[in-house]
Amino acid sequence: LLNAFSYRDGLLHADDVDLATLAREVGTPFYCYSATALEERYLRLAEITAPSGTGIAFAVKANSNLAVIALLGRLGAGADVVSEGELRRALAAGVPADRILFSGVGKSVGELSFAIEQGIHQINVESETEFDRILELADQARTTVRIALRINPDVSAGGHDKISTGRKTDKFGIEADHAIELYQRASDHAYVEPVGLAMHIGSQIQ
């Protein structure tokens, strides 16, 4: 893969940009991203996943820079957001609503309403309370809402205790046995379309 940052004549460059000159122009500190490197890496990943028909959604919480989100969006990526603010950023960057997924715990009624109003691709449901709330809002909006249920698989992935999210004792997700009932309720609902399952078992897993 392309190495975007290199020294030329003793000066650090990003692609063909002399960073010392850029620093004088914009001041320091600053963030510098290589559009060329981002594009090459995205296209490589897209090529690998294409045969399976798998979509790629960029986690906006990883980098909320509008230019980065817009570049990935133009290349075909969707966006995975965890708040209305991130959802608005993805839309502002030009990511189509039908390529946006809304994850995250503690979504407010206002955030869910906005997501439904925008017609986003999918809402990942984090709890039964959120599930019931979405059914209500879908009834009010009289529009189809695509959902995935976040399952708690009761798996200890080996990360730090405070950032483990997939064990039965953790407060995240829906018990697998109970998810079957909720999936059926969603299937029977006039305006809710269950499309899959979501899972997160922790961060910084070794």
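Reference entry: report on the structure contained in this document. Quick caveat: nothing in here was measured; it's all calculated off a predicted structure.

### Description of the sheet that holds strand β3 (residues 17–18)
Here's step 1: Read across the sheet, 3 strands follow the order β1-β2-β3 without closing on themselves; strand pairing throughout is antiparallel. With partners counted over all chains shown, the strands left at the sheet margins are β1 (5–8) and β3, one partner each.
Here's step 2: Bridge analysis of β1 against strand β2 (residues 11–14) gives 4 bridges, and the strand direction is antiparallel. If you follow Arg 8 over to β2, its bridge partner there is Leu 11.

### With respect to the side chain of His 189
Here's step 1: Relative to the helices and strands, His 189 resides in the loop between α7 (176–188) and β10 (192–198).
Here's step 2: Separated by 2.9 Å, the side chain of His 189 and the backbone nitrogen of Tyr 191 make a polar contact.
Here's step 3: Polar side-chain contacts of His 189 include one of 3.4 Å to the backbone nitrogen of Val 192.
Here's step 4: In this structure His 189 touches Leu 135, Ala 138 and Asp 139, once residues within four positions along its chain are discounted.

### A short note on the environment of Leu 38
Here's step 1: Note that Leu 38 resides in helix α2 (residues 35–49).
Here's step 2: Considered as a pair, Leu 38 and Ala 4 are 34 residues apart in the sequence and their alpha carbons are 9.3 Å apart.
Here's step 3: Leave out the neighbours within four places in its chain, and Leu 38 touches Tyr 33, Val 68 and Leu 71.

### With respect to the side chain of Asp 18
Here's step 1: Tracing the backbone through its elements, the reader meets Asp 18 in strand β3.
Here's step 2: Look at Asp 18: it is buried, it has no salt bridge, and the nearest opposite charge is Arg 24 at 4.8 Å.
Here's step 3: From its side chain, Asp 18 meets the backbone nitrogen of Ala 20 in a polar contact 3.0 Å long.
Here's step 4: Of note is the side chain of Asp 18, whose polar atom sits 2.7 Å from the side chain of Thr 21.

Reading the values: the criteria
- Residues numbered from 1 in each chain as written.
- Predicted model: local features only at pLDDT ≥ 70, side-chain atom pairs only at ≥ 80, totals over all residues.
- Heavy atoms only, no water.
- Pairing = 2+ DSSP bridges.
- Helix = DSSP H or I, 4+ residues; strand = E, 2+ residues; numbered from the N terminus.
- Polar contact = N/O pair within 3.5 Å; in protein donor to acceptor, adjacent residues only side chain to side chain.
- Contact = heavy atoms within 4.5 Å.
- Buried < 20%, exposed > 50% of the residue type's maximum accessible area, 1.4 Å probe, protein only.
- Lys, Arg positive; Asp, Glu negative; His and termini not counted.
- Salt bridge = Lys/Arg side-chain N within 4 Å of Asp/Glu carboxyl O.

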